[in-house]
Every structure is written in structure tokens, then in C-alpha cells.
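One-letter residues, chain by chain:
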Amino acid sequence: MSVTVADHILERLRAWGVEQVFGYPGDGINGLLAAWGRAEDQPRFVQARHEEMSAFEAVGYAKFGKRLGVCVATSGPGAIHLLNGLYDAKLDHVPVLAIVGQTHRSAMGGSYQQEVDLHTLFKDVASEFVETVTVPEQLPNVLDRAIRTAYARRCPTAVIIPGDVQELDYTPPPHAFKMVPSSLDRSGWTAMPSPTALERAAEVLNAGDKAAILIGQGAAGARAEVEEIAELLGAGVAKALLGKDALSDELPYVTGSIGLLGTRPSYELMRDCDTLLTIGSSFPYAQFLPEPGSARGVQIDIDPHMVGMRYPYEVNLVGDARATLRELIPLIDKDRRAVSREWQEEICAGVRRWSDVMRRRAEQSADPVNPEYVARALDPLLPDNALITCDSGSVANWYARHLTMRGDMRASLSGTLATMGCAVPYAIGAKFAHPNRPVIALVGDGAMQMNGMAELITAAKYHHRWDDPRLIVAVWNNQDLNQVTWEMRAMGGAPSFLPSQSLPDVPYAEFARSIGLTGIRVEHPEEVEAAWRAGLEAREPVVIDFRTDPAVPPIPPHATWEQMEATAESVLKGDADRSSMVKQGLKAKMQEFLPGAGRAGEDRKGRGHRG
């Protein structure tokens, strides 16, 4: 029996170690689907409910599995649907391959059904590599380059295959002119900065007294090294949201998240430091970094295109975070730790104070349930090997501030695109990457209605394949598009515009039960902990519908300690108090730090400016 192009594609994916492909069928990939049947579903085809969800699942699989995610879609509308998930991969630097069908070659240019200029469509999102296969001899080179590029550049790539080409007999490229042979191997490599650059970086770091470290997802493979250099420098460590799981929150000098969803200790760390070391992060909001001229800076990043941005760093080290830190650490002055002890103790005190404020805020009564308490109650119950996904919206505030990373926990969200509707498909992708670990998806009701409910059907379809079937989808059901509501209040003091913000109260738990999953509805605070425990003890996916109060404000980190203490005591007692809080200064505080705004900020007296 002859081998078709489609057969060869699946064979090559298997040779690259691809175990599953997330997709949705359509006649533009009929040749591939037939090949899957002949290959006895190897690699396994995971059927999402929508092509955008298959792309998100591939992103979640790649993020949590630390390997290539692959998605497949038909021509025309199927290919178009992939784009949002692929842009999420591009902006968060995740290796994903999209295999896309296309109209038969004979119909191209004829305004045929579902004919879309896919090469142009994908040229931006898959800017590092997109190619259309028109003859069998282009394979395996095109597929190999797409995979190798996705890994090397940490990006999405795309291979477009017309329907008739999929069904052609495969013939390898001969040893001939204008033929391009290929190979499978992808050896490991490590980028390293020069010794001179390392010495310059050490000079900057050794000269300071108040060091701050900012880490992102690029530091995830260098936990021990980040911890060691933080101890040597006597530094505090703040984390961009994509780096939330890069270092344990149990370390007393880890200040938590940075930015508008971040913590007061992270804000103070950046405000008052005289030295900044950024590792594996392209955190974009410069207004939350030290004021230019107040701190000397060193950056470590593996991507030369991402260094030198956000802050006027004196030294930009291009290299792998772990390898670079291993070379840098011996150059750090071992005696400087004593000099910085007082600074680090001040940071640790701020972390403790912040934790107390967050605890007290979570304990405040609300109508019906305090959304902060929902996250706070989960935190001590999380298994040390849990995988956590979070959606965009106000739920990201509670994820950033109340969940502490420890053990082997992994966590992620749509960091740069900040798209809604990713948490549930991320969670499904994570389950396929780690079928023996529990996964928890934290979702707002807007995101749940957008994408999550349909993708519960995917969880119901496949959960029997997972060794540990625990997948908890927790819905913060406040019947409001809450993050935008608070942004409207902060920017203009405007009340919520109900036609755009109000959401229907959907019976999420009932829907879960209707498709064979467990559903739990929580309407009282005393039910919260029991619901989390039930979800973590279940032997199937669980949806927990938490009825939460939309009027609990996500207080910005640059509010003063006094304002934070006040909200922990009284802000949840009534609408008048909440409105008063916004009017009495938080509106102005938020405006300072929103994109495009200047930083008048707080008095900087006594912050150890360095020229």
C-alpha cells in the first residue's frame, strides 16, 4: 500500500515525539483524517469544540508540558478560528505548530468555497515560519523546519497543505539539484554571554546596597540559581505573572506579583531599590519599574531581540538564565550580604504585612460570597503538584494575590495577549501533558460563557484517559464583566454600564451535571472550603459555581498601606463605603498607572537614587 503525504506527515510527527494533536475536523483536512484512521489514532487526535479551543489547548499543553503543542484545522473558517490561540502562543513565546488544510490547488484563484489566502493570513502570527506545501518532495523539510523553528524561537509556526496534496503519494526529495533534504535531530544548546559582559554585570550588582530582582517565565529553569543570587545580593524578588511559578512563594523575600494586579511589597521593592536584576522577563509596564536614574540595571534574557527594553539597563546579558547565573554567581561579592541584610529584612516585613492585609480582606463579609475568600480558601488545600490555569478578568487579581506557589506547582495564564476564554482549554491541554496531576482552572463567568462551557464537553469526552481525573473548573459567578467595570470606575469614575457589563446567571453546576460531570453551587461562605475539598477528592471533572460579590474592589498595589488597611476593615460593608474609597484617591492612583499615563506618584524622598 502506498504512503500518502498525509501518512508521511503523521509518521514524521511521531518521529518528533508528538503524542497528541488538538483539532477539529473539516473537509479541508480529509486526507489527514483518513491517514489518522490508518495510523490507528497515533498521534492521538483530541477533538475540541472549536478551532480556537484546539489552539489554546495546544498552548496549554506546550506551557505545562514544556514541549511542542500541535493543532490542526480545516481550510477557510477553521484556519481563521485558530488565530487567537496562535497569537497567544506568539506573545507568550510558546512553541506551537499549526497544520492547516487549504483548497485544492486546481481551485486556487477561482474564488472557490472556503478559499482564503492563508499564507497572508498566517504571515504575522507565524512570522518566523509559514509555508505552503505544493509537492510531496517539500516534505519532510518543511515540517522539520516548522518544528525546529517553533522550538528554537519559542513561537508558533504554520504549515499549509492543500487538500489534494494530502492525498498524493509521498516521494522523498531525491539527491538532485533544487531538492532540500532534512533531518530530525534537535540537539540541545545553551546561549552564554561573554566573560567581559558577565564581569560588567557583576560590577553593577556588587556596587548596590538595595537590590531588587524581577523574574519572568524565562527564570523557571533556574530556581536554585535565582534563590542563590537573591541570598547573595540580599535582594527581594518580584514576579511577573508569567513567572508566578518560577520561584517558591515560601521564600520570605519573594514579594509576589508585580504590576496593577501585583502586591504592595513588589511596588515598594521597585520604588526603593538602587539596583535591578531582571531575569527572563519582558514585563511591559515600565511605570511599575524603578524610575529611570534611580537604579542601575542588569538584564538576563535568552532572546537578543527582547533585551534592552522596558528599562535603561547598563548591561544586557544574552543567554540562558540558568547557565548565565551559574557563571555570574561566583563573581558576586560574598561579603555584601551583610550590607544588605537590613534592606532584605525590611522587604520580608512588608511581605508579612501584605499577607495579613490579604487575609483580612478575604475574611470580610460580602454579598453573597467574598471573591477573595474563594481563592484564599483554596490556597492551603492545593496539592504540591497542582497545575493551575487562570483566565483574564478580575479573577486574575485573586489568582495573583492569594495563591502561593510551592513544591512542584505550575501555573499560567494568557500573560501578554490577556485574552479571555483560555483557562478551560489551557487546563485540558495541561491534563494531556500531565494526566497524573490535578488541574484547577480559575474562570470568571464572562470567560466561562465565552468559551468554557462548550469545552467542558471536551473534558467529559476525554477524562477517562487521564490517570488522575481531577480537573476542577471554578467559576467566579458575579454576573458582571467585573474587570472592565472596575476599570471604568477607576478611569472615569463612571458607574457600571449595565447593557455592556451585566451577565445572565447561568446554572453552571447544572450544566456540568447534564453532561455527566459533577456540579456544585456555592451561595454561602461557609460552603466554600467544603466545595474545594469535594472537588479535590472527586474522581471526575468538577465544576464549582461560586456566587461572588461583584462590588469587591481589586485594590491597586500603589494604594498606601493605610488605604489597604482601611479596605481590610471596612470597604466591604456597603456600597457607600466602596464608592467612597474610589472617590477618595484610588481613582487617581489607578489613573497614574494605567497604560499611557504618567507617573507623578508618591514622594521619592530618601530612596537612594543612583545616577
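Refer to the preceding data block for the structure.
## Some thoughts on the nonpolar core
Now for step 1: Of all hydrophobic cores here, the largest spans 57 residues; its most connected members are L82, V96, F122, M448 and V473.
Now for step 2: Setting aside residues up to four positions removed in sequence, L82 forms contacts with E51, S54, A55, C71, A73, A98, V100 and F122.
Now for step 3: L261, V374, I440 and W476 belong to the second largest nonpolar core, which has 39 residues in total.

## Quick notes on the sheet that holds strand β12 (residues 315-318)
Now for step 1: The six strands are arranged β9-β8-β7-β10-β11-β12 in an open sheet whose pairing can be described as parallel. Edge positions in the sheet fall to β9 (254-257) and β12, since each of these pairs with one other strand and no more. Taken over all neighbouring pairs, the strand axes of this sheet differ in orientation by 15° on average, direction set aside.
Now for step 2: Sheet analysis places strand β11 (residues 296-301) next to β12, joined by four bridges and oriented parallel. Each bridged residue has a counterpart across the sheet, and for D301 the counterpart in β12 is V318.
Now for step 3: Packing of helix α12 (residues 321-328) onto the sheet brings it into contact with β10 (275-279), β11 and β12, and relative to β11 it is tilted by some 135°.

## Some remarks on helix α18 (residues 445-462)
Now for step 1: The largest bend in α18 amounts to roughly 55° and is located at N451.
Now for step 2: Turning to α18, its buried residues number three or more, namely D445, G446, A447, M448, N451, G452, M453, E455, L456, T458, A459 and Y462.

## As for the state of the cysteines
Now for step 1: According to the stated counting rule, one finds zero disulfides in the structure shown.
Now for step 2: Cysteine C71 shares no disulfide, and the gap to the nearest cysteine sulfur, in C155, comes to 13 Å.
Now for step 3: A disulfide-free cysteine, C390 has its sulfur positioned 7.8 Å from the sulfur of C422, the nearest such atom.

## Details of helix α14 (residues 341-363)
Now for step 1: Spanning 23 residues, α14 covers 33 Å between terminal C-alpha atoms, matching the ideal 33 Å at 1.5 Å per step.
Now for step 2: The complete set of buried residues in α14 reads W343, Q344, I347, C348, G350, V351, W354, V357, M358, R360, R361 and A362.

## A closer look at the pairing of strand β6 (residues 156-162)
Now for step 1: Within β6, seven of the seven residues are buried, which leaves the element mostly enclosed by the surrounding structure.
Now for step 2: The alternating pattern of β6 places P156, A158, I160 and P162 on one face and T157, V159 and I161 on the opposite face, and all of these are buried.
Now for step 3: As paired strands, strand β4 (residues 96-102) and β6 are joined by seven bridges and run parallel to one another. Along β6, the bridge assignment pairs I99 with V159.
Now for step 4: Pairing analysis gives three bridges linking strand β5 (residues 130-132) to β6, with the strands arranged parallel. Within the sheet, the bridge partner assigned to T132 lies in β6 and is I160.
Now for step 5: Traced from β5 through helix α7 (residues 141-153) to β6, the parallel crossover comes out right-handed.

Reading guide: rules and limits
Residues numbered from 1 in each chain as written. Predicted model: local features only at pLDDT ≥ 70, side-chain atom pairs only at ≥ 80, totals over all residues. Heavy atoms only, no water. Core = buried A, V, L, I, M, F, W, Y, C linked by side-chain atoms within 4.5 Å. Buried < 20%, exposed > 50% of the residue type's maximum accessible area, 1.4 Å probe, protein only. Contact = heavy atoms within 4.5 Å. Pairing = 2+ DSSP bridges. Helix = DSSP H or I, 4+ residues; strand = E, 2+ residues; numbered from the N terminus. Axes fitted to C-alpha atoms, helices over the stretch in contact; angles between N-to-C directions. Bend = angle between axes of the 7 residues up to and from the residue. Disulfide = S-S within 2.5 Å. Expected span 1.5 Å × (residues − 1). Right-handed = clockwise from strand over helix to strand, strands pointing away.

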